Amino acid sequence: MCNFVELVNMRMKRLLALLLLPAMSVSAAGPWRFDFGGGDPESGYTRVAAHTVFDPARGYGFEPGSVPVDVDRGEGAGTASTRDFVTADGPFSFSVVVPEGNHRVTVVLGDAAGEGDATVKAESRRLMAEAVRTAKGEFATRSFVVNVRNSRVPPPPENAPGGSAVVLNDREIGVRHWDDKLTLEFTGPSPKVCALVIEAVDVPTIYLVGDSTVTDQPREPGASWGQMLTRFLDDRVAVANHAESGETMKSFISGLRLAKVLSAMKAGDWLFVQFGHNDQKQQWPQTWVEARSTYRAYLRVLIAEARLRGATPVLVTSMQRRQFDELGRIRNSLGDYPEAVRAVAREEGVALIDLERMSVRLYEALGPDTAPRAFAAEGRDPTHHNNYGAYQLAQCVAQGIREAELPLAAHLVSDFSGYDPSSPDDVDAFSIAPSDTPAFRTPRGN
């Protein structure tokens with residue numbers, strides 16, 4: 001029989017074990033419902049306090065480096081999901097282990113006793129909800145679709161050529177758009193996150209294939225139009241951005257990136273193709289393609305692969321580099337490649353978004369003195385963009401969707417009234433809440 005001291009010690013050990021237990025794990029199949037803050041959760045929701053650090057075994061939590069705090073406004077301040085929340089003075093990120101595919105995210109933002117101002121990004125800084133402002137006692141619900149993927153490719157049959165994984169470059173190792181988690185970043189002057197629901201959905205997917213001017217740039221202040229386009233689309237369509245810095249059509253195929261896209265593509269999806277900046281480089285002999293012959297042939301391969309699967313191809317001309325002549329006009333640094341894209345679009349009956357011509361109008365409207373403020377590395381980089389430049393180009397693409405009369409135009413958000421690249425947004429008035437990322441690195445390619 002245990003004596004009194006042993007009994008006390010036993011009970012203390014049990015109590016300590018209970019205190020050290022991880023928070024409740026969640027179903028691997030979803031849907032996933034989270035109620036943020038230190039109070040009791042809404043019925044059917046998992047409580048997530050600010051100290052809940054991501055644990056793969058648990059399947060959810062705040063990413064290391066995130067330092068939110070719990071705020072509880074008390075019993076009379078609303079429902080169980082809105083009377084408490086998490087917030088922080090800087091960006092913080094929350095991740096959930098989910099299967100590969102598309103997931104609709106619904107987030108509730110606000111504060112029963114104060115104002116809020118939140119911007120929500122997904123994975124590698126995809127802009128999903130911009131500057132959601134809530135007054136005291138007001139709550140805002142925002143929904144959007146996040147595409148999640150990993151680098152695995154269905155392996156080929158025995159003795160067949162191919163591989164079982166995308167060939168990632170050294171800069172892609174560890175980035176958030178190549179893992180098994182859905183990561184949301186909350187930033188802005190006053191992000192107040194009350195609740196979150198994630199559910200797998202079957203919606204049309206826009207697959208983006210291209211280079212550094214399209215990819216999800218993981219580091220501030222670099223950005224590309226592909227990671228801004230999500231801001232202009234509703235929650236009935238997904239964007240799967242497979243573009244990557246330094247890629248050409250040849251390398252996109254040989255590195256199994258196209259195989260990855262095609263393994264998931266289905267009827268009703270879309271394939272947006274924008275290559276050219278790197279394909280034109282004769283100093284890259286392994287991947288160079290000539291504008292009048294092989295470049296057009298590779299474009300036709302991508303078109304045929306999409307159509308074979310019931311998807312709709314859309315060709316996008318590459319934006320120009322920022323190279324002004326003495327008259328303040330943009331020089332053509334892309335040779336015959338934009339015209340080759342236009343020719344293939346005409347011959348194949350494919351929709352065209354002429355980003356090259358729109359970019360010329362945009363840069364010339366800004367002028368030689370202001371245009372550098374749309375580019376990375378404080379304007380020293382004449383090819384890659386910052387948040388402002390990427391946002392303007394994403395609006396060009398959204399406008400191109402509308403002008404091409406694509407069915408996708410029905411998925412443009414209601415507050416997108418159209419865009420004229422000759423009248424860009426005021427760069428001095430533009431602001432997107434920044435992410436907390438490592439220092440910017442010049443992307444591969446130029």
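Residues numbered from 1 in each chain as written. Predicted model: local features only at pLDDT ≥ 70, side-chain atom pairs only at ≥ 80, totals over all residues. Heavy atoms only, no water.

(A) Inspection of the pattern of salt bridges at higher detail. Summed over the entire model, instances satisfying the criterion amount to 31 salt bridges. Arg73 is the partner of Asp111 in a salt bridge, and the nearest nitrogen-oxygen pair spans 2.8 Å. In this pair, Asp111 is assigned in the loop between strand S7 (101–110) and strand S8 (116–122) and Arg73 in the loop between strand S4 (69–72) and strand S5 (84–87), connecting sequence segments 38 residues apart. Its relative accessible area of 0% is what places Asp111 among the buried residues. The residue Arg346 makes a salt bridge to Glu339 at a minimum N-O spacing of 3.6 Å. We classify Arg346 as exposed; its relative accessible area is 57%. (Salt bridge = Lys/Arg side-chain N within 4 Å of Asp/Glu carboxyl O. Helix = DSSP H or I, 4+ residues; strand = E, 2+ residues; numbered from the N terminus. Buried < 20%, exposed > 50% of the residue type's maximum accessible area, 1.4 Å probe, protein only.)

(B) Structural context of the environment of Glu185. Within the secondary structure, Glu185 sits in strand S11 (residues 181–190). Glu185 sits 150 residues away from Gly335 along the chain, and the two C-alpha atoms are 40 Å apart. When residues no more than four places from it in sequence are discounted, the contact partners of Glu185 are Pro91, Phe92, Ser93, Thr119, Val120, Lys121, Ser435 and Asp436. Of note is the side chain of Glu185, whose polar atom sits 2.7 Å from the side chain of Ser435. (Contact = heavy atoms within 4.5 Å. Polar contact = N/O pair within 3.5 Å; in protein donor to acceptor, adjacent residues only side chain to side chain.)

(C) Fine view of empty space enclosed by the protein. Applying the stated criterion across every chain yields a total of two cavities of 30 Å³ or more. Roughly 50 Å³ of volume is contained in the largest cavity. In this structure, the largest cavity is lined by Met128, Phe144, Val145, Thr230, Leu233, Asp234, Val237, Ala238 and Val239. For the lining of the largest cavity, the elements supplying multiple residues, two or more each, are strand S10 (139–148) and strand S15 (238–241). Of the residues in the lining of the largest cavity, the class split is seven nonpolar, one polar and one charged. Reported here for the second largest cavity is a volume of approximately 30 Å³. Taken together, Phe275, Gly276, Tyr295, Ser318, Leu334, Tyr337, Pro338 and Val341 make up the full set of residues lining the second largest cavity. (1 Å grid on protein atoms, 1.4 Å probe; cavity = no way out; pocket = protein on both sides within 12 Å on 5 of 7 lines; lining within 4 Å. Points joined across faces, edges and corners; volume = space filled by probe spheres on them. Nonpolar A, V, L, I, M, F, W, Y, C, P; charged D, E, K, R; others polar.)

(D) Fine view of the sheet that holds strand S18 (residues 351–353). On the basis of which strands lie adjacent, the open sheet formed by five strands has the order S15-S13-S16-S17-S18 and parallel pairing. Only two strands of the sheet have a single partner each, and these edge strands are S15 and S18. Taken over all neighbouring pairs, the strand axes of this sheet differ in orientation by 25 degrees on average, direction set aside. Pairing analysis gives five bridges linking strand S13 (residues 205–210) to strand S16 (residues 270–274), with the strands arranged parallel. Bridge pairing in S16 places Gly210 opposite Gln274. (Pairing = 2+ DSSP bridges. Axes fitted to C-alpha atoms, helices over the stretch in contact; angles between N-to-C directions.)

(E) Here's a closer look at the sheet that holds strand S9 (residues 126–134). Reading across from one edge, S3-S6-S11-S8-S9 is the order of the five strands in this open sheet, with antiparallel pairing throughout. Single-partner strands in this sheet number two, and they are strand S3 (60–62) and S9. The average angle at which neighbouring strand axes cross in this sheet is 15 degrees, direction not considered. Relative to S9, S8 is paired through six bridges, and the arrangement is antiparallel. Bridge assignment links Ala118 to a residue of S9, and that residue is Val132.

(F) Focus on helix H7 (residues 355–370). Here H7 contains 16 residues, and its C-alpha end-to-end distance of 20 Å is more than 12% below the 22 Å for a straight helix at 1.5 Å per residue. Of all the bends in H7, the greatest, near 50 degrees, is centred on Glu364, and the proline Pro368 appears no more than four residues after it. Among the residues of H7, those classed as buried are Leu355, Glu356, Met358, Ser359, Val360, Leu362, Tyr363, Leu366 and Gly367. (Expected span 1.5 Å × (residues − 1). Bend = angle between axes of the 7 residues up to and from the residue.)

(G) Broad picture of the packing of aromatic side chains. Enumeration according to the criterion identifies 15 aromatic pairs in this entry. Ring centres of Phe252 and Phe275 lie 5.6 Å apart, and the angle between their planes is 70 degrees; this geometry places the pair in the edge-to-face category. Highlighted residues: Phe252 in helix H3 (residues 249–254) and Phe275 in the loop between S16 and helix H5 (294–308), separated in sequence by 23 residues. Take Phe252 and Phe275: they sit in the same class, and that class is buried. Pairing Tyr388 with Phe430 gives two aromatic rings, centres 5.3 Å apart and planes at 75 degrees, and the pair type is edge-to-face. Here Phe430 lies in the segment after helix H8 (387–403) and Tyr388 lies in helix H8, a separation of 42 residues in the sequence. When its relative accessible area of 4% is taken as the criterion, Tyr388 is described as buried. (Phe/Tyr/Trp six-rings, centres within 6.5 Å; stacked < 30°, edge-to-face > 60°.)

(H) Representation of unusual backbone geometry. Note that the residue after Glu220, namely Pro221, is joined by a cis bond; omega there is -5 degrees. The residue Glu123 is not glycine, and still its phi comes out positive at about 50 degrees. Note on placement: Glu123 falls in the loop between S8 and S9. Even without being a glycine, Glu378 presents a positive backbone phi close to 55 degrees. Secondary-structure assignment places Glu378 in the loop between H7 and strand S19 (385–386).

(I) Quick look at the nonpolar core. Core analysis: the biggest nonpolar cluster contains 48 residues, and Ile206, Trp225, Phe272 and Leu355 have the highest contact counts within it. Looking at which element gives the most residues to this core, the answer is H8, with nine residues. Counting 32 residues, the second-largest nonpolar core is a separate cluster that includes Phe34, Val48, Ala88 and Val132. (Core = buried A, V, L, I, M, F, W, Y, C linked by side-chain atoms within 4.5 Å.)

Everything listed is a geometric property; what it means functionally is a separate question.
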